[in-house]
Amino acid sequence: MEEFFINSDGIKLHAKLDRPEGAGKGPLCILIHGFTGHMEEEHIILVKDAMLKANVSVLRVEMYGHGQSEGEFEKHTLYKWVTNALSVVEYAKSLDFVTDLYLCGHSQGGLLTMLVGGMCADDFKAIIPMSPAWMIPEICREGMVLGTTFDAKHIPDRIFSEDWGWGLNGDYIRVAQTIHVEDEIERYDGEVLIIHGDEDATVPFSYAEKAEKLYKNAKLVPIHGADHCFEGHLDELSEAVYSFFMN
Ligand code: FER
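Report follows, based on the coordinates. This structure is a prediction, so every number in the text was calculated from the model and none was measured.

Some words on the side chain of Q108
Topologically, Q108 is positioned in helix 3 (residues 108-119). You can call Q108 buried: its relative accessible area is 0%. Once you skip the residues sitting within four places of it in the chain, Q108 turns out to touch G34, F35, H76, L78, W81, A133, I136 and Y172.

Below is the structure:
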């Protein structure tokens, strides 16, 4: 494992690159955590290990305001994450050993995967949104985020969620309101693997079904009984990722 930082327009992003034993040239998957998440979460490590087992190198990177990357959590926005992800894609494309490139992310990282998939459609062999939180722009337009409500036309400077114990700058909402995920779904013709627990209480499973229908070439693997982070169902998550790369 190699640990380093990737520069994204002056912001240092914490990264770890894992390669299968004795690997030469081969595929690489970029792997991104969710909102308040980081690269050492159990479900992220597990997905990384499933990819390594399938002979795929994995580049885990923490986005703005998360993990050991620079930036303040409360000041993160989806535009900052998109800028970060574009820097990571550019870095990944510069690596000599990379043949095929993949992008995978969990939840808000899954939403990011869907956005960057559309923006950089030619760069990816496939994208893998896991429990993708692609309702965020929609609910922000409706005046809701993190289970808290606000006036969608007069966005407060800061919102705080009692449920989550997190605060967010109003700019998070301003940015999210401008994003139309359907446009980026439309722009991606490549293969998509969606993995989602059908008892997810954070991101409704129905969004995974809707995404599967909207994409031209998507397969949804439902994880029955699983919650947002696949707790108690990690073996099935691992199997879904492994068999995707082995087929
Ligand atoms: C929200 C619901 C889900 C939200 C973020 C998420 C910022 C993301 C969850 C995750 O990435 O795990 O209302 O608001």
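Here the narrative resumes, following the displayed structure.
A look at the pairing of strand 5 (residues 98-106)
In regular strands, side chains alternate between the two faces of the sheet. For strand 5, a buried count of 7 out of 9 residues is recorded, marking the element as mostly surrounded by other parts of the structure. Across 6 bridges, strand 3 (residues 26-32) lies against strand 5 in parallel orientation. Looking at strand 5, one finds that G26 is bridged to V98. Where strand 5 lies against strand 6 (residues 126-130), 5 bridges are found, and the strand directions are parallel. By the bridge assignment for strand 6, L103 is matched with I127. Taken together, strand 5, helix 3 and strand 6 constitute a β-α-β crossover, and its handedness is right-handed.

Side note on the packing of helix 1 (residues 42-53) against helix 8 (residues 234-246)
Between helix 1 and helix 8, whose axes approach to 8 Å, the crossing angle comes to 35°. Along this stretch, helix 1 crosses helix 8, giving a crossing that reads as right-handed. On helix 8, the residues that touch E42, H43, L46, V47, A50, M51 and K53 of helix 1 are L234, L237, S238, V241, Y242 and F245. The residue makeup of the contact of helix 1 with helix 8, split by class, is 9 nonpolar, 2 polar and 2 charged.

Reading the values: the criteria
- Residues numbered from 1 in each chain as written.
- Predicted model: local features only at pLDDT ≥ 70, side-chain atom pairs only at ≥ 80, totals over all residues.
- Heavy atoms only, no water.
- Helix = DSSP H or I, 4+ residues; strand = E, 2+ residues; numbered from the N terminus.
- Buried < 20%, exposed > 50% of the residue type's maximum accessible area, 1.4 Å probe, protein only.
- Contact = heavy atoms within 4.5 Å.
- Pairing = 2+ DSSP bridges.
- Right-handed = clockwise from strand over helix to strand, strands pointing away.
- Axes fitted to C-alpha atoms, helices over the stretch in contact; angles between N-to-C directions.
- Left-handed = near helix turned anticlockwise from the far one by under 90°.
- Nonpolar A, V, L, I, M, F, W, Y, C, P; charged D, E, K, R; others polar.

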